[in-house]
Amino acid sequence: MGSVSNQELPGVCKTEEDEAPSTEEDSESFHGVGVCKWFNVRMGFGFLSMTNREGVPLESPVDVFVHQSKLHMEGFRSLKEGEAVEFTFKKSAKGLESQRVTGPEGTHCVGSEKRPKGKSVQKRHSKGDRCYNCGGLDHHAKECKLPPQPKKCHFCQSISHMVANCPIKAQQSSPHSQGKPSSLKGDEEEHGHSPPPPASSD
């Protein structure tokens, strides 16, 4: 089967070129202490501001890249701006990159209270967006799991108009139109809630 001199572990074949970078990385791993400079919870990365390297205080903070996969914590991984951290890091072609990030003395990171999905859902609710297929508040029509529904206003259930043009919804949401019930009635007649089906006429 050929020479096995390069196979130190069973099933793992390494050449000398493969081995050199890994031993170099191991020897160039450093320890740092600092705070989170900023962290983008949607993209999952940010920068640490290192103030202490190998136990020696730095004259000015140094930036160290951090990715969410390197954070020691459970659940959604992120960092809060200004959060105290300890970390191991290495030099790479892109600069300094963290390898493992923890809270002080190896504790779990605290993390940011921000969540990318929760934020967008709150925005949708505040605007009153609805699914135009089923009328649900938690999604849009393109995400709806129901088959195509008959088109109707999801506010008053009329088939003569959509919710965006609903006179009842407009009247309730407008603070200046409270004293105009008669005009609303006229609007409904004008928009013509559909007459009863032909079966009802004798």
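Named according to an unreviewed UniProt entry, the chain is Protein lin-28 homolog A originating from Salmo trutta. The Sequence similarities (unreviewed entry) field of the UniProt record for the chain holds the comment "Belongs to the lin-28 family."

Helices and strands together make up the secondary structure of the chain, namely four helices and five strands. The secondary structure elements of the chain, listed N-terminal to C-terminal, are α-β-β-β-β-β-α-α-α. Considering the chain as a whole, with its 202 residues, one finds that 22% of them fall into the buried category. By sequence separation, contacts in the chain at least 24 residues apart represent 45% of the contacts at least 6 residues apart. Of the roughly 14400 Å² of accessible surface on the chain, a fraction of 53% belongs to carbon and sulfur atoms.

Turning next to the pairing of strand β3 (residues 56-67). Bridge count for strand β2 (residues 45-53) against β3 is eight bridges, and the pairing is antiparallel. Residue pairing in the sheet places Met50 in a bridge with Val62 of β3.

Time to look at the packing of aromatic side chains. Counted by the stated rule, this structure contains six aromatic pairs. Here the aromatic rings of Trp38 and Phe47 are separated by 5.7 Å at their centres, their planes lie at 50°, and the arrangement is tilted. Here Trp38 falls in the partly exposed class, since its relative accessible area comes to 35%. With a relative accessible area of 25%, Phe47 lands in the partly exposed category. Their ring planes at 55° and their centres at 5.9 Å tell us that Phe87 and Phe89 sit as a pair that is tilted. Grouping residues by exposure puts Phe87 and Phe89 together as buried. An aromatic cluster of at least three residues, connected via ring pairs, comprises Trp38, Phe45, Phe47 and Phe65. Above the face of the Phe30 ring, Arg53 is positioned so that its terminal group lies 4.4 Å from the ring centre.

Moving on, we come to the pairing of strand β4 (residues 84-92). Judged from the six bridges that link them, strand β1 (residues 30-40) and β4 form a sheet pairing that is antiparallel. Residue pairing across strands places Phe30 opposite Phe89, the latter belonging to β4. Pairing analysis gives seven bridges linking β4 to strand β5 (residues 95-102), with the strands arranged antiparallel. Across the sheet, the residue bridging to Thr88 is Arg100, located in β5. The turn joining β4 and β5, which pair antiparallel and follow one another in sequence, is formed by two residues.

On to the side chain of Ser49. For Ser49, the position within the fold is in strand β2. Every residue in contact with Ser49, bar those within four places of it in the chain, is listed here: Val33, Gly34, Val35, Lys37, Pro61 and Val62.

Below, the discussion takes up unusual backbone geometry. In this structure, Glu54 is a non-glycine residue whose phi angle is positive, near 55°. Following the sequence through the fold, Glu54 ends up in the loop between β2 and β3. According to the relative accessible area criterion, Glu54 is partly exposed, its value standing at 45%.

Cut-offs and rules
Residues numbered from 1 in each chain as written. Predicted model: local features only at pLDDT ≥ 70, side-chain atom pairs only at ≥ 80, totals over all residues. Heavy atoms only, no water. UniProt positions renumbered as here; feature names shortened; annotations may be inferred. Helix = DSSP H or I, 4+ residues; strand = E, 2+ residues; numbered from the N terminus. Buried < 20%, exposed > 50% of the residue type's maximum accessible area, 1.4 Å probe, protein only. Contact = heavy atoms within 4.5 Å. Areas by Shrake-Rupley, 256 points an atom, 1.4 Å probe, with all protein chains shown as cover. Pairing = 2+ DSSP bridges. Phe/Tyr/Trp six-rings, centres within 6.5 Å; stacked < 30°, edge-to-face > 60°. Lys NZ or Arg CZ within 6 Å of the ring centre and 35° of its normal.

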